[in-house]
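# Observations on chain architecture
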There are 4 protein chains.
Amino acid sequence: MTHQIGIGVIGMGWMGMVHSRAYRQVADRFYESGIRPRLVICADEAEERTRRAQETLGFEQVTTDWREVVEHPAVQVVNIAAPNYLHLEMVRAAAAAGKHIFCEKPVGRTPEETAEIEYLARKAGVLSFVGFNYRWAPMVQYTHQLIQEGQLGRLTHYRGRFFSMYGSNPYGLLTWRFDREQAGLGVLGDIMSHVVDMAHMLAGPIRRVVSRRHTFITERPLPRPAAGGTHFAVGQPDDPKGPVTNEDYVSALVEFENGAQGTLESCRVIFGPKCEMAFELNGTRGAARWNFERMNELELYLPEGTQAHDGYTRLLAGPGFPFHGRFNPGDGIGIGYEDLKAIEAYQFLQAVVEGTPRPPGFREALQLASVQAAMVRSWESGTWEEVVSLERQEPA
Amino acid sequence: MTHQIGIGVIGMGWMGMVHSRAYRQVADRFYESGIRPRLVICADEAEERTRRAQETLGFEQVTTDWREVVEHPAVQVVNIAAPNYLHLEMVRAAAAAGKHIFCEKPVGRTPEETAEIEYLARKAGVLSFVGFNYRWAPMVQYTHQLIQEGQLGRLTHYRGRFFSMYGSNPYGLLTWRFDREQAGLGVLGDIMSHVVDMAHMLAGPIRRVVSRRHTFITERPLPRPAAGGTHFAVGQPDDPKGPVTNEDYVSALVEFENGAQGTLESCRVIFGPKCEMAFELNGTRGAARWNFERMNELELYLPEGTQAHDGYTRLLAGPGFPFHGRFNPGDGIGIGYEDLKAIEAYQFLQAVVEGTPRPPGFREALQLASVQAAMVRSWESGTWEEVVSLERQEPA
Amino acid sequence: MTHQIGIGVIGMGWMGMVHSRAYRQVADRFYESGIRPRLVICADEAEERTRRAQETLGFEQVTTDWREVVEHPAVQVVNIAAPNYLHLEMVRAAAAAGKHIFCEKPVGRTPEETAEIEYLARKAGVLSFVGFNYRWAPMVQYTHQLIQEGQLGRLTHYRGRFFSMYGSNPYGLLTWRFDREQAGLGVLGDIMSHVVDMAHMLAGPIRRVVSRRHTFITERPLPRPAAGGTHFAVGQPDDPKGPVTNEDYVSALVEFENGAQGTLESCRVIFGPKCEMAFELNGTRGAARWNFERMNELELYLPEGTQAHDGYTRLLAGPGFPFHGRFNPGDGIGIGYEDLKAIEAYQFLQAVVEGTPRPPGFREALQLASVQAAMVRSWESGTWEEVVSLERQEPA
Amino acid sequence: MTHQIGIGVIGMGWMGMVHSRAYRQVADRFYESGIRPRLVICADEAEERTRRAQETLGFEQVTTDWREVVEHPAVQVVNIAAPNYLHLEMVRAAAAAGKHIFCEKPVGRTPEETAEIEYLARKAGVLSFVGFNYRWAPMVQYTHQLIQEGQLGRLTHYRGRFFSMYGSNPYGLLTWRFDREQAGLGVLGDIMSHVVDMAHMLAGPIRRVVSRRHTFITERPLPRPAAGGTHFAVGQPDDPKGPVTNEDYVSALVEFENGAQGTLESCRVIFGPKCEMAFELNGTRGAARWNFERMNELELYLPEGTQAHDGYTRLLAGPGFPFHGRFNPGDGIGIGYEDLKAIEAYQFLQAVVEGTPRPPGFREALQLASVQAAMVRSWESGTWEEVVSLERQEPA
Ligand SMILES: NC(=O)C1=CN([C@@H]2O[C@H](COP(=O)(O)OP(=O)(O)OC[C@H]3O[C@@H](n4cnc5c(N)ncnc54)[C@H](O)[C@@H]3O)[C@@H](O)[C@H]2O)C=CC1
Ligand SMILES: NC(=O)C1=CN([C@@H]2O[C@H](COP(=O)(O)OP(=O)(O)OC[C@H]3O[C@@H](n4cnc5c(N)ncnc54)[C@H](O)[C@@H]3O)[C@@H](O)[C@H]2O)C=CC1
Ligand SMILES: NC(=O)C1=CN([C@@H]2O[C@H](COP(=O)(O)OP(=O)(O)OC[C@H]3O[C@@H](n4cnc5c(N)ncnc54)[C@H](O)[C@@H]3O)[C@@H](O)[C@H]2O)C=CC1
Ligand SMILES: NC(=O)C1=CN([C@@H]2O[C@H](COP(=O)(O)OP(=O)(O)OC[C@H]3O[C@@H](n4cnc5c(N)ncnc54)[C@H](O)[C@@H]3O)[C@@H](O)[C@H]2O)C=CC1
């Protein structure tokens with residue numbers, strides 16, 4: 001049985017293109033699922049981006065007005081890949097129109113906004129999904145499986161981090177990411193959200209935190225009005241500058257509900273690591289380490305009493321690991337970043353087909369936002385803060 | 001200016017699907033090139049494979065008779081991804097029809113057959129291309145560039161290998177790969193061809209060789225007639241068996257025309273390495289190491305007299321390296337195996353647009369076949385053999 | 001000019017033997033210094049240990065009464081390698097006798113005891129040294145040098161850790177290390193002291209901390225009276241048990257005086273890492289990573305604007321790095337753990353020859369103890385604590 | 001029971017000092033063996049070297065006439081660490097005096113000289129030992145043990161190499177190593193001898209070979225008469241030069257008696273590797289990789305059918321591995337190069353105590369020389385050469 005699902009994508013920048021390709025891959029990679037996404041319409045302020053997407057990816061229609069996506073009758077899934085400050089408004093409209101929603105992280109600019117977004121979708125009874133793509137790496141999924149099966153014993157330690165160079169150049173432009181108004185939180189909302197999401201998936205809910213933030217680069221060149229200003233664009237030393245109004249760095253000590261102890265850390269202006277989204281975890285019977293910079297590998301410690309295995313084993317991704325066989329049949333043949341997005345898209349569409357939520361949706365984003373809120377409180381209080389659910393009971 | 005190019009694919013097994021996806025990616029990843037491949041028709045004996053390809057990748061037509069692909073008027077490029085024993089016949093037909101030809105490696109089952117294929121295409125004046133995909137890894141291309149620029153000095157050593165586990169299970173089926181009649185050479189034709197091609201690209205022509213072969217697993221379970229029998233399928237201990245009639249292992253000492261010394265080695269039944277297609281090379285001013293199992297990395301030694309750099313630097317792929325920026329904008333965000341095939345497809349289509357050959361075509365395959373022929377002679381003679389070009393002057 | 005220096009060693013367990021060998025190495029490895037240690041006398045409760053040390057290392061005399069070491073007229077340096085609970089008493093006696101003191105870490109069982117010890121030695125005007133041996137790894141010294149020269153720019157991040165499996169077996173005996181009375185602090189005093197010392201050396205003083213501790217294994221088998229019970233001895237499941245009275249785990253967020261942000265973490269019961277004493281640090285112009293498990297390597301990031309060096313370079317220890325050439329003349333020929341102790345011994349004896357302190361002495365141990373005290377306060381307060389010097393003005 | 005053994009060392013350069021320290025370590029590290037080496041006398045042309053050795057290591061006597069060592073009545077073991085061209089003469093004298101002989105590799109300058117040396121010692125009935133120190137790395141010994149126990153199955157592949165930078169600087173002096181007269185063979189005799197010895201120990205006798213040599217740097221600055229000219233000394237571009245008369249590089253394809261296929265390779269002028277003495281071996285049930293640059297690690301593949309172990313496990317040296325516990329009690333605490341020499345010295349002295357040979361003695365050196373002779377023949381013949389034992393039946 002095949003399931004055609006109409007897709008509308010909003011924001012055809014980096015992520016919008018990536019998501020669109022991901023939908024295109026689903027029918028091919030997950031053939032047996034019967035899911036056949038249909039790229040109905042895409043929207044971007046920059047018209048040429050929509051044209052290019054249409055030509056190269058096959059959207060049936062394009063628009064510069066994102067509300068047309070939401071309202072299009074053939075669209076069942078609205079995919080939001082616009083800047084953070086538009087997420088709330090777009091979710092509101094999509095939920096009102098009864099559409100299922102895929103929203104890129106961070107869902108809201110602030111924990112409170114995420115709570116509102118979660119509330120809107122819950123009230124509307126629509127399904128949701130969030131782009132925590134690192135979850136879907138086959139070696140991460142395998143780690144998750146081992147933990148669930150109890151093979152690593154009781155978890156005792158979890159160390160998560162995301163160190164990125166994306167803002168390390170002090171002449172990197174003052175794009176929306178560095179502005180509290182448009183982006184909301186800084187690195188805590190941006191890449192630290194992946195760290196917390198991963199920790200939640202692997203080690204379970206966080207009970208309490210003590211956290212710290214810092215802004216290393218306090219002003220940056222203003223983007224020139226005309227220029228598109230992508231994520232990685234760089235200005236000149238003598239360009240006019242504006243203030244960075246959210247944090248570059250965040251660290252935290254955390255305690256999980258299951259008693260595991262952890263540290264979480266993230267920085268967007270660190271010099272050295274390129275895209276070090278990584279975890280190390282230890283249990284009473286085993287341990288695992290993973291780093292996105294080598295996403296097709298897992299270092300697994302499962303000695304099982306033998307000297308020959310009393311060290312970390314470097315496993316290479318292959319068809320024996322979750323999802324990997326969808327992409328190629330050979331051990332040691334790596335998949336790429338965008339393939340994680342194809343798995344992600346499949347997961348959501350499968351949820352849509354079944355009519356039941358799959359994680360990570362707004363529910364998980366809310367859990368994460370609750371941790372972020374505790375971290376923010378800790379920045380002020382300088383002390384441990386319990387994680388308190390931000391779940392809204394009433395509309396705002 | 002856009003260039004629509006009609007594509008026909010023959011053999012919709014692993015590679016046929018991979019190639020088809022690759023063509024689909026070209027318009028998107030190499031947008032500015034204007035190249036817009038059109039998936040006109042695909043063929044496979046197994047009809048359901050063609051149906052699936054049509055549904056998921058959008059071929060306009062499908063067939064079980066590969067000659068329809070060759071003859072289709074809208075097809076400009078014939079892509080051959082059928083088993084080796086069909087390559088000659090298919091190339092003959094495609095060349096006769098004046099079509100440009102992409103042929104998977106090994107081009108011919110034997111060096112002689114490759115020479116014949118090269119001759120046919122040359123005579124017909126059509127362009128050709130071969131699936132030596134490892135060439136296209138951004139970090140390999142970067143290495144190539146450094147060598148060309150002289151940054152590594154004069155090359156002195158080259159060590160190439162491809163160690164794969166694909167046949168290491170003695171109950172792995174006796175598929176066409178293990179049969180001299182259907183596959184021609186064993187590992188020398190199969191994965192060692194990548195090793196020699198890489199050596200040629202990076203270190204230049206090989207002048208002479210001394211080589212050895214061995215077959216470790218001399219018989220294997222016969223595939224059951226009905227079963228599809230893919231590359232990685234496994235039989236039962238009590239299945240009827242047949243003889244393996246080509247080599248599992250080949251090694252060689254080689255001398256390059258530029259005076260560099262090398263060793264090349266490959267095995268398809270080795271226990272340990274998964275997909276270790278790798279090289280290490282040294283020059284008088286620098287050195288480099290690469291392994292497909294970590295294809296998004298390069299270990300580069302370029303001390304330039306400073307202590308701080310007097311060791312191998314681990315470079316992570318990113319947009320600063322050849323082609324990588326086509327796939328994503330961030331350092332340390334890896335691409336996957338199939339992305340190499342997209343680069344490969346682009347290279348060939350660019351050659352087609354320009355009407356001039358780009359390597360690696362049948363010309364380079366012939367050079368490689370000449371090396372293989374010298375190795376085969378060395379197996380018999382037990383001594384060094386000069387590489388002699390197999391280029392045909394007259395038709396067979 | 002040669003300098004004979006009389007050495008007395010107290011406690012001939014693991015460290016006592018290691019230190020004695022280290023002194024023996026000094027004349028050989030640091031020949032030109034003219035330093036010629038003389039192994040005058042050693043003491044241990046267990047007489048056979050002193051006999052063995054005499055026979056194999058050449059002590060002139062042995063005793064079971066450590067006070068004889070302190071009082072011996074030929075002894076200029078008293079080396080304390082007895083369990084922690086004896087350090088204070090021994091230092092008091094040695095200082096009173098006007099002897100220079102090498103004391104193993106942790107100097108005192110508690111920060112306060114360390115302060116008292118520092119005070120005693122300061123008052124007595126004797127030189128002191130502490131066994132923070134990881135400092136002396138050539139690759140760590142080289143990192144220190146790069147930082148001092150400003151080559152890594154302004155430090156922004158420091159992550160230090162020491163993860164050890166030494167207590168991970170729940171049947172590991174309840175030796176003195178797990179007892180607050182005898183050992184004082186748990187992992188914070190034991191191996192975390194190396195982490196803080198390293199952080200101080202490389203990144204400078206810590207200004208404030210927030211910290212957490214945990215005890216994972218709350219009881220352990222009691223050592224049988226007769227058995228010696230070394231560091232790594234293991235009991236039986238049905239042995240009688242006693243409570244672990246100090247912490248297994250400690251973590252902290254820290255802020256350095258220079259503005260760098262850090263995390264420090266240590267555990268003695270973690271499952272996976274063997275002896276992972278490691279740091280990662282980042283500055284505005286470079287970065288470095290080191291792990292004692294690969295002590296002869298350094299991963300150094302100093303891109304200096306070139307793509308070829310825009311990754312971590314793996315440097316192998318060799319004669320070009322500090323001290324390494326004392327041990328062998330070849331690049332890539334590793335030294336061992338005990339060689340760090342030889343460098344350490346040399347440093348102290350050089351201080352003795354010169355009559356001026358060299359770090360790390362009790363002064364540095366006091367600085368470290370002040371950080372530990374802040375961490376201990378933070379365990380109770382749950383909040384950030386400023387580091388306040390514990391330096392004593394008056395005798396206790 | 002203690003065994004005092006009188007030691008005489010000839011040649012107090014790098015190796016002479018290393019050996020002397022090794023003997024000094026034996027009583028300490030292998031206490032229970034009862035072996036108590038006595039450093040009786042050492043000899044060197046350079047008198048100051050003997051003085052230094054006496055002062056720092058405790059030799060009872062020194063001399064500049066090596067024959068005094070051989071003739072000294074208290075000397076039971078003559079340790080030869082003089083340049084290669086003196087080995088034969090020294091062995092002849094020592095054997096004639098009925099002394100047991102430790103001789104550094106290469107035993108003879110040429111395979112024939114090694115055969116003569118072996119013959120002399122055999123005739124005299126003295127025990128012998130050779131400095132193939134890499135054998136003694138705990139992780140190598142462990143690999144040996146696994147192979148002996150059959151845990152890796154039947155060996156199929158062996159790849160050995162020793163790549164060193166020691167001669168890579170073209171201005172490195174023309175020391176005796178580069179001179180056929182004084183050193184005999186070049187890299188084949190020098191560091192390739194370690195490669196062949198390791199292959200023999202791990203994979204058993206080599207049956208036949210085809211080999212190639214090359215000299216990359218054909219002339220070098222002459223050492224100035226006065227200057228000592230150590231292993232790593234460097235001249236000036238305008239120094240007078242002399243010809244290099246032996247090979248820089250050797251490679252070989254080899255077949256072992258047990259059917260395993262291999263490649264062996266070594267170069268002393270390669271640019272990149274520092275001290276890469278390494279092997280990779282595969283069997284039908286497991287595989288192992290080791291590299292001296294990380295001598296305290298072993299990468300072991302022993303999947304035993306489980307997915308969790310289907311990759312190489314990185315084992316860190318520790319007391320559970322052969323000999324390691326003699327040096328320290330903790331997992332992950334590395335030993336150094338010279339510690340291998342202590343194990344080596346112990347092995348030989350144990351043989352002396354027991355009165356029965358232990359490998360590797362001249363017998364094993366002869367086996368190795370027979371392989372080298374086959375390689376040398378292959379350089380001329382250009383073809384496969386069987387290994388024929390050079391064992392002498394009659395005195396020369
Ligand atoms: N999951 C992940 O790892 C990643 C997630 N993201 C998230 O994806 C979202 C988008 O980020 P990027 O694609 O990197 O940004 P981008 O700047 O490349 O793309 C944003 C696009 O939205 C368009 N846009 C802006 N306002 C619009 C409007 N009113 N109507 C229609 N289109 C509009 C822009 O023209 C642009 O094309 C963000 O929320 C970001 O946090 C981004 C990168 C990675
Ligand atoms: N570049 C590379 O790294 C790789 C290259 N290859 C090469 O690609 C080629 C195909 O290999 P795979 O895709 O792995 O094999 P496969 O067995 O998966 O696919 C071969 C396909 O050809 C079809 N076929 C057989 N006879 C046919 C006929 N008469 N007409 C139409 N279709 C026919 C089969 O039904 C099958 O679908 C081979 O030459 C192989 O050496 C394969 C794998 C990797
Ligand atoms: N720097 C480093 O990395 C390390 C430092 N240490 C420190 O070294 C010190 C000793 O530790 P280990 O050598 O591991 O312990 P150990 O238990 O092996 O040795 C202690 C020795 O002291 C002796 N001893 C006990 N009471 C004595 C007394 N009253 N008089 C004379 N001798 C007495 C014991 O008999 C024993 O031989 C501790 O402070 C420890 O924290 C230990 C290991 C590593
Ligand atoms: N097992 C291994 O890994 C190594 C083995 N070796 C071997 O050790 C031997 C010595 O090499 P190195 O110590 O590196 O050389 P070196 O040049 O450092 O030392 C040789 C010493 O022999 C002395 N000597 C020369 N002629 C003499 C004579 N007639 N009487 C007494 N002494 C004399 C020299 O003065 C010098 O001190 C060589 O056979 C070499 O191949 C060297 C380095 C490593």
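Residues numbered from 1 in each chain as written. Chains lettered and ligands numbered in written order. Predicted model: local features only at pLDDT ≥ 70, side-chain atom pairs only at ≥ 80, totals over all residues. Heavy atoms only, no water.

Per an unreviewed UniProt entry, the recorded name for chain A is Gfo/Idh/MocA family oxidoreductase, and the organism is Litorilinea aerophila.

The subject of this paragraph is the site of ligand 4. Residues and elements named next belong to chain D. Surrounding ligand 4, one finds 25 residues, the nearest of these being Met15, Asp44, Arg49, Asn84 and Asn133. Take Lys105: an N or O atom from its main chain is 2.9 Å from an oxygen atom of ligand 4. His194 is positioned with one of its side-chain polar atoms (N or O) 3.2 Å from an oxygen atom of ligand 4. Contact with the protein chains removes 90% of the 840 Å² of surface that ligand 4 exposes when unbound. Those elements that provide at least two residues to the shell around ligand 4 are helix H1 (14–29) and helix H9 (337–354). When we break the shell around ligand 4 down by domain, the ones giving at least three residues each are domain 1 (3–133) and domain 2 (138–294 + 296–335). (Near = heavy atom within 4 Å. Polar contact = N/O pair within 3.5 Å; in protein donor to acceptor, adjacent residues only side chain to side chain. Areas by Shrake-Rupley, 256 points an atom, 1.4 Å probe, with all protein chains shown as cover. Helix = DSSP H or I, 4+ residues; strand = E, 2+ residues; numbered from the N terminus. Domains from an automatic or database assignment.)

Take the interface of chain D and chain A next. By a frequent convention, interface size equals the accessible area lost on bringing the separate parts together. In this assembly, 16 residues from chain D lie in contact with 16 residues from chain A. Together chain D and chain A conceal approximately 1,400 Å² of surface at their shared face, both sides included; 45% is due to carbon and sulfur atoms. The three residues of chain D that bury the most area against chain A are Gln307, Ala308 and His309 of chain D, which together make up 40% of that side's buried surface. For the pair chain D and chain A, the number of links is zero salt bridges. One can count eight residue pairs in polar contact (both at pLDDT 80 or more) joining chain D with chain A. Broken down by element, the residue count for the side of chain D that touches chain A peaks at four residues, all from strand S16 (residues 312–316) of chain D. In the side of chain D that touches chain A, the residues fall into seven nonpolar, five polar and four charged. Both strand S16 (residues 312–316) of chain A and S16 of chain D contribute to a ladder of three bridges, which runs antiparallel. Residue pairing across strands places Tyr312 of chain A opposite Arg314 of chain D, the latter belonging to S16 of chain D. (Contact = heavy atoms within 4.5 Å. Buried area = accessible area lost by both parts, 1.4 Å probe. Salt bridge = Lys/Arg side-chain N within 4 Å of Asp/Glu carboxyl O. Nonpolar A, V, L, I, M, F, W, Y, C, P; charged D, E, K, R; others polar. Pairing = 2+ DSSP bridges.)

The next point concerns the relation of the copies chain C and chain A. Between chain C and chain A, the superposition needs a rotation of 180 degrees and an axial shift of 0.0 Å, giving an RMSD of 0.0 Å. Both copies are brought into coincidence by an operation consistent with a two-fold rotation axis. Taking the C-alpha atom as reference, chain C places Thr383 of chain C closest to the rotation axis, 2.1 Å from it. In this assembly the copies share their binding face: 100% of the residues contributing to the interface of chain C also contribute to that of chain A. (Least-squares fit on C-alpha atoms with pLDDT ≥ 70 in both.)

As a further point, take the site of ligand 2. All names here are of chain B. Neighbouring ligand 2 are 25 residues, the closest being Met15, Asp44, Arg49, Asn84 and Asn133. Here a nitrogen atom of ligand 2 and a backbone polar atom of Gly131 are 3.0 Å apart. Here a nitrogen atom of ligand 2 and a side-chain polar atom of Asn133 are 2.8 Å apart. Protein coverage of the free-state accessible area of ligand 2, which is 840 Å², stands at 90%. Those elements that place two or more of their residues in the shell around ligand 2 are helix H1 (14–29) and helix H9 (337–354). In the shell around ligand 2, the residues fall into eleven nonpolar, seven polar and seven charged. Both domain 1 (3–133) and domain 2 (138–294 + 296–335) contribute no fewer than three residues apiece to the shell around ligand 2.

Moving on, we come to the UniProt feature "domain: Gfo/Idh/MocA-like oxidoreductase N-terminal" (unreviewed entry) in chain A. Residues given the UniProt feature "domain: Gfo/Idh/MocA-like oxidoreductase N-terminal" (unreviewed entry) here are residues 6–132 of chain A. Between the end C-alpha atoms of residues 6–132 of chain A there is a gap of 22 Å, over a span that is 45% helix and 22% strand. (UniProt positions renumbered as here; feature names shortened; annotations may be inferred.)

Glancing now at the sheet that holds strand S2 (residues 35–43) of chain D. Adjacent strands of a sheet pair through backbone hydrogen bonds, lying either parallel or antiparallel. Residue and element names in this part refer to chain D. On the basis of which strands lie adjacent, the open sheet formed by six strands has the order S3-S2-S1-S4-S5-S6 and parallel pairing. A single partner strand is all that each edge strand has here, and the edge strands are strand S3 (61–63) and strand S6 (128–130). Recorded for the sheet is a direction-independent mean angle of 25 degrees between the axes of neighbouring strands. Bridge count for strand S5 (residues 100–103) against S6 is three bridges, and the pairing is parallel. Note that in S6 the partner of Phe102 across the bridge is Phe129. In the packing of H1 onto the sheet, the strands contacted are strand S1 (3–10), S2, strand S4 (77–80) and S5, and the crossing angle to S2 comes to about 155 degrees. (Axes fitted to C-alpha atoms, helices over the stretch in contact; angles between N-to-C directions.)

Here the focus is the domain arrangement of chain A. Residue and element names in this part refer to chain A. What the domain assignment lists for chain A is domain 1 (3–133) and domain 2 (138–294 + 296–335). Each of domain 1 and domain 2 has a C-alpha centre, and these two points are 24 Å apart. When residues of domain 1 are sorted by the area they lose upon contact with domain 2, Arg29, Arg109 and Phe132 head the list and together hold 37% of the total. At the junction of domain 1 with domain 2, the criterion picks out two salt bridges. Scanning the region where domain 1 abuts domain 2 turns up seven residue pairs in polar contact (both at pLDDT 80 or more).

This part takes up the pattern of salt bridges. Residues and elements named next belong to chain C. Within the structure shown, the criterion is met by 136 salt bridges over all chains. Put simply, Asp190 and Arg177 hold a salt bridge, and the shortest N to O gap is 3.6 Å. Of this pair, Asp190 sits in the loop between helix H7 (180–183) and helix H8 (192–203) while Arg177 is found in the loop between strand S7 (155–164) and H7, placing the two residues 13 residues apart along the sequence. In this structure Arg177 comes out as buried when scored by relative accessible area, which is 18%. (Buried < 20%, exposed > 50% of the residue type's maximum accessible area, 1.4 Å probe, protein only.)

Residues and elements named next belong to chain B. With respect to the helices and strands, the residue Gly34 is situated in the loop between H1 and strand S2 (35–43). Given the relative accessible area of 4%, Gly34 is considered buried. Taking the C-alpha atoms as reference points, Gly34 and Thr2, separated by 32 residues in sequence, lie 4.0 Å from one another.

Each side of the interface is counted separately: chain C has 41 residues, and chain A has 41 residues. When the buried area of chain C at its contact with chain A is split by residue, Arg212, Gln261 and Phe271 of chain C rank highest and sum to 21% of it. Our count for the chain C to chain A interface comes out at six salt bridges. The shortest N-O distance in the salt bridge between Glu276 of chain A and Arg289 of chain C comes to 4.0 Å. Counting every contact that joins chain C to chain A gives eleven residue pairs in polar contact (both at pLDDT 80 or more). Secondary structure elements with two or more residues in the side of chain C that touches chain A: S7, strand S8 (206–214), strand S11 (249–256), strand S12 (261–267), strand S13 (275–283) and strand S14 (287–291) of chain C.

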